[in-house]
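# Coordinate inspection notes
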Amino acid sequence: MAGVGMWASFGIYMVMLLAIGAYFWITDKREMKRLTDYLLASREGGTWTTAFSQVASVASGFTFFAWVGLGYLLGISALWYALFTVFFQLFTWRFVAPRFRNKSEEYDSLTMVDHLARHFGRRGEQRNADIIRVLGTIIVVAFLGVYLGAQMVAIGTTAEAGLGLNYMSVVIVGGLVVAIYTFMGGFNASLWTDYLQGWLMIIAAIAFPIAAVSYAGGWGPFLDQVSAAGGALNWNGGQSGVALFLFLAGWFTFGMGMMGQPHAMQRFQAIESERLLSRGAVIAAAVSAIRMTFPIFIGLSGYVVLDEVTNPEHIMVEGLPTLFPDVIAGLFMAGIVSAILSTTDSMLILSSSELTRNVYERFINDDASQQRLIWVGRSFVVLFMALAIVIAWAQPASIFGLIAFGWTGLGAGLGAALLFVLLWSRTTAWGVVAGMVVGLGATVWNQIYLPDHFPVVVYPVTFAVIIIVSYVEGSLSEQSPSGMDAGMGVESETD
Amino acid sequence: MASLTLGSLLLIVSPFLLVILAFVLNRIDESRGDGYITIGGIR
């Protein structure tokens, strides 16, 4: 059961987050005139805040729950995913983000889906653009809803296993805190709370394994105890040949999801200039390397610190009181919640952006004033939070299962399409639509029929479909390829 | 006494090697004058 110190530091942290939201509510009130001010912080994001926020927005319940659990189960070999994650992070910052940032300002796009739709809308393909809008919004709502639900499950689990509190009441309180500061401060609050949360997350990730090694009596005794208790210290997971190839292919394709998380990609749309991306890539890669490497050792610490591990995903929350004094444990408990909240606020902003731009502004009220759109955006933040709480109420068993499904669905359904639109000039609207549909279908199929090798099938199939359909449409149609500069066609989608 | 193999050690440090790569690429970008990302011809 949690002591007063743990409670105090945890509570103070929550109040700080609310204070950040309140700060932007007060200071931005006069300046918040357009929807981009609320949903993209007026495209004035700095290098450090954007880099931290981009990593923190994908850290989620994955980092200190699912990833720790996999560290316990798979040991060192799980680090292949750390390597692939940092690789794709770097690739995204250097090769996708610069073009996305610039085109996003040119198109005035708020989100990935909005960007895809405007790309084709500006070429006069309004009908195709609308299909992409509707399909993309469905993908976001479906997969992000699942993903968001997983975050609320993780918050409730932290509170129940670590603080001894009632699961559902903490889900509701945690949900309210994040909804309130996002509602008040919009993207700016999300950016700055992510920055704070990112630091806390890094400190917690590094401190836990160090304390566990010290608890074991040093590095040698730590490895001895892990090895004796059955922890895996080999690089290949004890596999070879085809099994090893599939193991690596699984992590590699899972890492590709990094390029398609709309709530993380939205950070690139908000950064002040593409000039900041090169330096930001270094910061993001460093934060990402720490966040992906150290939790594996937190998982292995389970063999040393805990007498019995009933759920590997709970190792960190259950081990904190053993390794640290109350106040520090409470702070690190806040670090765990940070990883979750930073993802949750980014998802709330993104979902709100998608629904405000793609549904309300496009199909319901295209004459709405900017002030009205900001309030519609705020309303969607609250609505999505309510949806996440309902999913958390159902309390699914594995956080990893939910996140893996949501992560891949978004990566294949949206990320693949964006990647091709930005980097391959022959990509056509129907190639994008086909890629979205197949990405969606392949994610579900792979999960149901080939769960042990999820998501090996998803990306190759999605990429192939986009290429084939674009080639076929391109050769059949006399229309200009999409890579031609915007402005060639009728600009039917304007501000 | 249990110890890590060379393969495991390399795997542990590999994400950080990519950070060093990112740093080197950034230095190259900065040395070209305006900090723009120019590698791969993408601006």
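Here the structure is a predicted model, which means the values were calculated and not measured. Note on numbering: residues in each chain are counted from 1, in written sequence order. Chains carry letters and ligands carry numbers; both start at the beginning, A for chains and 1 for ligands, and go up in the order they are written. A pLDDT threshold of at least 70 governs which residues receive local features in this predicted model, and a stricter bar of 80 or more applies before side-chain atom pairs are shown or counted, although totals over entire chains, interfaces and linings include all residues. As a rule here, side-chain values cover all heavy atoms of the structure and leave hydrogens and water aside.

### What about the overall build of chain B?
Only runs of H or I of at least four residues qualify as helices and only runs of E of at least two qualify as strands under DSSP, and these elements are numbered from the N terminus. Each helix and strand in chain B was counted, giving one helix and zero strands. Only protein chains enter the accessibility calculation, which uses a 1.4 Å probe; a residue whose area is less than 20% of its type maximum is buried, one above 50% is exposed, and one in between is partly exposed. Counting the 43 residues in chain B, one finds 42% classified as buried. Of the roughly 2,500 Å² of accessible surface on chain B, 69% is carried by carbon and sulfur atoms. Using the Shrake-Rupley algorithm and a 1.4 Å probe, accessible areas are obtained, with residue cover drawn only from the displayed protein chains.

### Examining helix α14 (residues 370–394) of chain A
All names here are of chain A. Counted at 1.5 Å a residue, the expected span for α14 with its 25 residues is 36 Å, and the 37 Å between its end C-alpha atoms agrees. Among the residues of α14, Leu-373, Ile-374, Val-376, Gly-377, Arg-378, Phe-380, Val-381, Phe-384, Met-385, Ala-388, Ile-389 and Ala-392 are the ones counted as buried. Where the residues of α14 are buried, they touch α1 (4–27), α2 (35–40), α6 (126–163), α7 (167–216) and α13 (326–364). In this scheme, a helix's expected span is set at 1.5 Å multiplied by one less than its residue total. Contact definition: two residues touch when any of their heavy atoms are within 4.5 Å.

### Quick notes on α7(A)
All names here are of chain A. Spanning 50 residues, α7 covers only 32 Å between terminal C-alpha atoms, well under the ideal 74 Å at 1.5 Å per step. At Gly-185, α7 shows its strongest bend, of approximately 125°. Where burial is concerned, most of α7 is hidden: 35 out of the 50 residues are buried. Two residues or fewer past α7, Gly-217 is found with a positive phi of approximately 100°. Fitting one axis to the seven residues ending at a residue and another to the seven starting there, the bend at that residue is the angle between the two axes.

### Description of the side chain of Gln89(A)
Take Gln89(A): it is sitting in helix α4 (residues 79–107). Taking the relative accessible area as the measure of exposure, Gln89(A) reaches 1% and is therefore buried.

### Focus: the confidence of the model for chain A
One confidence number per residue, pLDDT, is output by the predictor and ranges from 0 to 100. Confidence in the prediction of chain A, expressed as mean pLDDT, is 87, and 95% of residues score 70 or more. Taking the mean pLDDT of every element in chain A, the minimum, 82, falls on α2(A) and the maximum, 96, on helix α11 (residues 277–305) of chain A.

### What about a nonpolar patch on the surface?
All names here are of chain B. Every patch collects residues that have over 30% relative accessible area and no salt bridge, joining them within 9 Å if they carry like charges and within 5 Å if they are nonpolar side chains (Val, Leu, Ile, Met, Phe, Trp, Tyr). In what follows, salt bridge is the name for a side-chain nitrogen of Lys or Arg lying within 4 Å of a carboxyl oxygen of Asp or Glu. A cluster of nonpolar side chains, Leu-6, Leu-10, Val-13, Leu-17, Ile-20, Phe-23, Val-24 and Ile-28, forms an exposed patch at the surface whose accessible area comes to about 710 Å². Relative to the helices and strands, Ile-28 is located in helix α1 (residues 6–31). Residue class for Ile-28 comes out partly exposed when judged on its relative accessible area of 31%.

### Structural notes on unusual backbone geometry
Of all residues except glycine, most have a negative phi; of all peptide bonds, most are trans. Residue and element names in this part refer to chain A. The amide bond that connects Phe-454 to the next residue, Pro-455, takes the cis arrangement and shows omega of 0°. If you trace the backbone, Pro-455 turns up in the loop between α16 (429–449) and α17 (458–476). Of note, Ser-60 is a non-glycine position whose phi angle comes to about 50°, a positive value.

### Overview of the packing of aromatic side chains
Residue and element names in this part refer to chain A. Pairing of aromatic side chains here covers Phe, Tyr and the six-membered ring of Trp, requires ring centres within 6.5 Å, and sorts the geometry by plane angle: under 30 degrees stacked, over 60 edge-to-face, intermediate tilted. Applying the stated criterion to the full structure yields 35 aromatic pairs over all chains. Members of the aromatic cluster, each reached through a chain of ring pairs, are Phe-62, Trp-67, Tyr-81, Phe-247, Trp-251, Phe-254 and Trp-407. In this scheme, Lys NZ or Arg CZ marks a charge over a ring once it lies within 6 Å of the ring centre and within 35 degrees of the ring normal. Above the plane of the ring of Phe-363 lies Arg-362, whose end atom (NZ or CZ) is 5.8 Å from the centre. In this arrangement the basic side chain of Arg-378 is found over the ring face of Trp-375, its NZ or CZ atom lying 4.8 Å from the centre.

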